[in-house]
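Below are the chains, spelled out letter by letter.
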Amino acid sequence: MLRLDSTLLDAVIAHARADHPDEACGVIAGPEGSDTPTRFIPMVNAARSPTFYEFDSRDLLALYRDMDDRNEVPVVIYHSHTATEAYPSRTDISYASEPEAHYLLVSTRECGIDEGPVEVRSFRIVDGLVTEEPVEVL
Amino acid sequence: MAIEVRIPTILRPYTDGAKNVEGNGATLAELIADLDSRHVGLRERLVEDGSLRRFVNIYLNDEDVRFLGGIDTPLADGDSVTILPAVAGG
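Just so you know, these numbers come straight off a predicted model, no measurement behind them. Residue numbering note: each chain is counted from 1, following its sequence as written. Here the convention is simple: chains get letters from A, ligands get numbers from 1, in the order in which they are written. Whole-chain, interface and lining totals are the exception, using all residues; otherwise, since this is a predicted model, local features are given only for residues with pLDDT of at least 70 and side-chain atom pairs are given and counted only at 80 or more.

1. A few points about the nonpolar core
Among the nonpolar cores identified, the biggest contains 36 residues, and Ile28(A), Val76(A), Tyr78(A), Tyr103(A) and Leu104(A) are the most heavily contacted of them. Only β1 (2–4), α1 (6–19), β2 (25–31), β3 (39–43), α2 (57–69), β5 (72–81), β6 (102–107) and β7 (119–126) of chain A provide two or more residues apiece to this core. Runs of E in the DSSP output that reach at least two residues are strands. Runs of H or I that reach at least four are helices, and both are numbered from the N terminus. Per-element accounting of this core gives the leading share, five residues, to β5(A). In this description, a residue-residue contact is defined by the distance between C-beta atoms placed from the backbone, which must lie within 7 Å. With sequence-adjacent residues up to four places away left out, Ile28(A) is seen in contact with Leu4(A), Leu8(A), Pro37(A), Arg39(A), Phe40(A), Val75(A), Val76(A) and Tyr78(A). Defined on buried residues, the nonpolar core groups Ala, Val, Leu, Ile, Met, Phe, Trp, Tyr and Cys residues joined through C-beta atoms within 7 Å. In this scheme the burial state of a residue depends on its C-beta neighbours within 10 Å: 20 or more other such atoms mean buried, 12 or fewer mean exposed, and anything in between means partly exposed; the C-beta positions come from the backbone. Counting residues in each nonpolar core, the second largest holds 16 residues, with Tyr14(B), Leu31(B), Tyr59(B) and Val81(B) among its members.

Written out as structure tokens, the structure reads:
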């Protein structure tokens, strides 16, 4: 199960809406071993694409160095789908590389940049295997 | 002195869980071969057909090796190498 504060979830949804129709992406870091997301870190989608996302390589290094310095890990890795459901694509599954992270997907296909229904789902992706998990908003 | 290498979570099964390991080599290719001799299977996860895999980022100090010499990037004692899988998807 993913438990996260409503302000963090609101921040993820706001980012997804702002970047629609391109995919938005980022991390919510948290203390190592806690499984608790605490620090919202929106990232630039270097692909600037409605069908693909990738953290910029320099940003990625800076992000991991910063998390290491703070004894944090990427508890949540989030991204948006802007025309399809909030379920991991084949590409998402093949590139997933944080077996301990919660992969949070947001779909803005209905709301676009406006207020409106947003689909939010969370998954573990380990060795190509996708397992959906409940999201509890605190 | 050796070259320090930071190993990402997903590759730590190859290093008995170690976050940092040391290795030697005059180039990145030699370093990866040296690491693979003790951490068997690591090379396969980093290299495909003699080149670095597209969705694995390797940094020499602060620079992505793609902007240096790729797998032939020269290394020196005391360098620091960081391996990070791309965070990407569709």
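2. A closer look at α2(A)
Multiplying 1.5 Å by the residue count of a helix minus one yields the expected span of that helix. Given a rise of 1.5 Å per residue, 13 residues ought to cover 18 Å, and the 19 Å separating the end C-alpha atoms of α2(A) matches this to within 8%. Along α2(A), the residues classified as buried are Leu60(A), Leu63(A) and Tyr64(A). Across the axial projection of α2(A), the buried residues extend over an arc of 90°, all falling on one side. Taken together, the buried residues of α2(A) touch β2 and β3 of chain A together with β5 (56–60) and β7 (80–85) of chain B. Positive backbone phi, at 55°, marks Asn71(A), one or two positions downstream of α2(A). Taking the helix axis as origin, the arc is that swept by the directions to the C-beta atoms.

3. A few points about the interface of chain A and chain B
Listed by partner, the interface residues are 19 residues for chain A and 14 residues for chain B. Secondary structure elements with two or more residues in the side of chain A that touches chain B: β4 (53–54), α2, β5 and α3 (90–95) of chain A. In terms of residue count, α2(A) provides more of the side of chain A that touches chain B than any other element does, four residues in total. Gly falls in the polar group here, along with every residue not listed as nonpolar (Ala, Val, Leu, Ile, Met, Phe, Trp, Tyr, Cys, Pro) or charged (Asp, Glu, Lys, Arg). Broken down by class, the residue content of the side of chain A that touches chain B amounts to nine nonpolar, six polar and four charged. A pair of strands is labelled paired if DSSP reports no fewer than 2 bridges between them. One ladder, built from two bridges, connects β4(A) with strand β8 (residues 88–89) of chain B; its direction is antiparallel. Its bridge partner lying in β8(B), Glu54(A) is registered against Ala88(B).

4. Comments concerning the confidence of the model for chain B
With 99% of its residues at a pLDDT of 70 or more, chain B has an overall mean of 96. Of the two predicted TM-score estimates for the complex, the pTM is 0.94 and the ipTM is 0.94. Within a predicted model, pLDDT stands for the predictor's per-residue confidence, ranging from 0 to 100.

5. Focus: the environment of Leu60(A)
By the secondary structure assignment, Leu60(A) is in helix α2. Distance from Leu60(A) to Val137(A), taken between C-alpha atoms, is 27 Å for residues 77 residues apart in sequence. Those residues in contact with Leu60(A) that lie beyond four places of it in its chain are Phe55(A), Asn57(B), Leu84(B) and Val87(B).

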